[in-house]
Amino acid sequence: MNILVCIKQVPDIEQIKIDTSKNVMLIEGVPTIVNTFDTYALETAVKVKDADPATKVYVVTMGPEKAKEALKSCLSVGADKAYLVSDSVLADSDTLATSYVLGSAVKA
């Protein structure tokens, strides 16, 4: 069996500050981490893999080059391979574009 986990990098909420005068989050310089729910999905996939060694766990994300750090952390948890979809034309993609790109990457 093959399991694919899509992950997303998000700002570390422990380090986000709020500008109360403008009521906005200040995320400049805040490190990114793998979304907590994506981490749960990865951990579950690795548990399945542990129970069935024939199972392979793959991780994919779309983002800038710095997303490689998130993928490395997924590999350290137990994923077998990790893929980064990255291109400057994909910057600031909305949900529809992101899902289309990731769907195309999965098919490939």
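Bear in mind that the values here come from a model prediction, so they are computed numbers and not experimental data. (Residues numbered from 1 in each chain as written. Predicted model: local features only at pLDDT ≥ 70, side-chain atom pairs only at ≥ 80, totals over all residues. Heavy atoms only, no water.)

Further remarks concern the sheet that holds strand 1 (residues 2-6). An order of 1-6-7 is seen for the three strands of this open sheet, with the pairing classed as parallel. Looking at the sheet topology across the chains shown, the edges are occupied by strand 1 and strand 7 (81-85). Averaged over all adjacent pairs, the angle separating strand axes in this sheet is 20°, with direction ignored. Inspection of the sheet shows strand 1 paired to strand 6 (residues 56-62) by five bridges, in the parallel sense. For N2, the partnering residue across the bridge sits in strand 6 and is K56. Here helix 1 (residues 36-51) sits on the sheet and contacts strand 1 and strand 6; the angle it forms with strand 1, its principal contact strand, is near 165°. The strands touched by helix 3 (residues 95-107) are strand 1, strand 6 and strand 7; relative to strand 6, the strand with the most contacts, the crossing angle is about 145°. (Pairing = 2+ DSSP bridges. Helix = DSSP H or I, 4+ residues; strand = E, 2+ residues; numbered from the N terminus. Axes fitted to C-alpha atoms, helices over the stretch in contact; angles between N-to-C directions. Contact = heavy atoms within 4.5 Å.)

Before going further, it helps to examine the pattern of salt bridges. Opposite charge on two side chains allows them to pair when their charged atoms are near. What the rule picks out here adds up to three salt bridges. Note that K68 is salt-bridged to E65, the shortest N-O span being 2.9 Å. Residue classification places K68 among the partly exposed residues on the basis of a relative accessible area of 42%. (Salt bridge = Lys/Arg side-chain N within 4 Å of Asp/Glu carboxyl O. Buried < 20%, exposed > 50% of the residue type's maximum accessible area, 1.4 Å probe, protein only.)

So, about the side chain of Q9. Topologically, Q9 is positioned in strand 2 (residues 9-11). Within the structure, Q9 has its side chain in polar contact with the side chain of T32 (distance 2.8 Å). Excluding residues that lie within four positions of it along the chain, Q9 makes contacts with T32, I33, K66, A67 and A70. (Polar contact = N/O pair within 3.5 Å; in protein donor to acceptor, adjacent residues only side chain to side chain.)

With that out of the way, let us pick up the nonpolar core. By size, the foremost hydrophobic cluster in this structure holds 13 residues, and its most contacted members are V5, I7, L42, V59 and C74. Put simply, the parts of the chain that give this core at least two residues each are strand 1, helix 1, strand 6 and helix 2 (68-77). Beyond its immediate sequence surroundings of up to four residues, L42 is in contact with V5, V57, V59, C74, V77 and A79. Of all hydrophobic cores here, the second largest spans five residues; its members include V60, L90, V101 and L102. (Core = buried A, V, L, I, M, F, W, Y, C linked by side-chain atoms within 4.5 Å.)

Our focus in this paragraph is the packing of aromatic side chains. Summed over all chains, the structure comprises one aromatic pair. Between the aromatic rings of F37 and Y40, the centroid separation amounts to 6.0 Å while the plane-to-plane angle is 80°, which identifies the pairing as edge-to-face. On the criterion of helical spacing, the pair formed by F37 and Y40 is a turn pair, its members being three residues apart in helix 1. A relative accessible area of 63% means that F37 is categorised as exposed. The partly exposed category is assigned to Y40, whose relative accessible area is 46%. (Phe/Tyr/Trp six-rings, centres within 6.5 Å; stacked < 30°, edge-to-face > 60°.)

Take helix 2 next. If you check which residues of helix 2 are buried, you get A70, L71 and C74. Taken end-on, helix 2 shows its buried residues confined to a sector of 100°, consistent with a single buried face. Exposed residues pointing more than 90 degrees away from the buried face of helix 2 are listed as E69, K72 and S76. Each element contacted by the buried residues of helix 2 is listed here: strand 2, strand 5 (32-34), helix 1, strand 6 and strand 7. (Arc of directions from axis to C-beta.)

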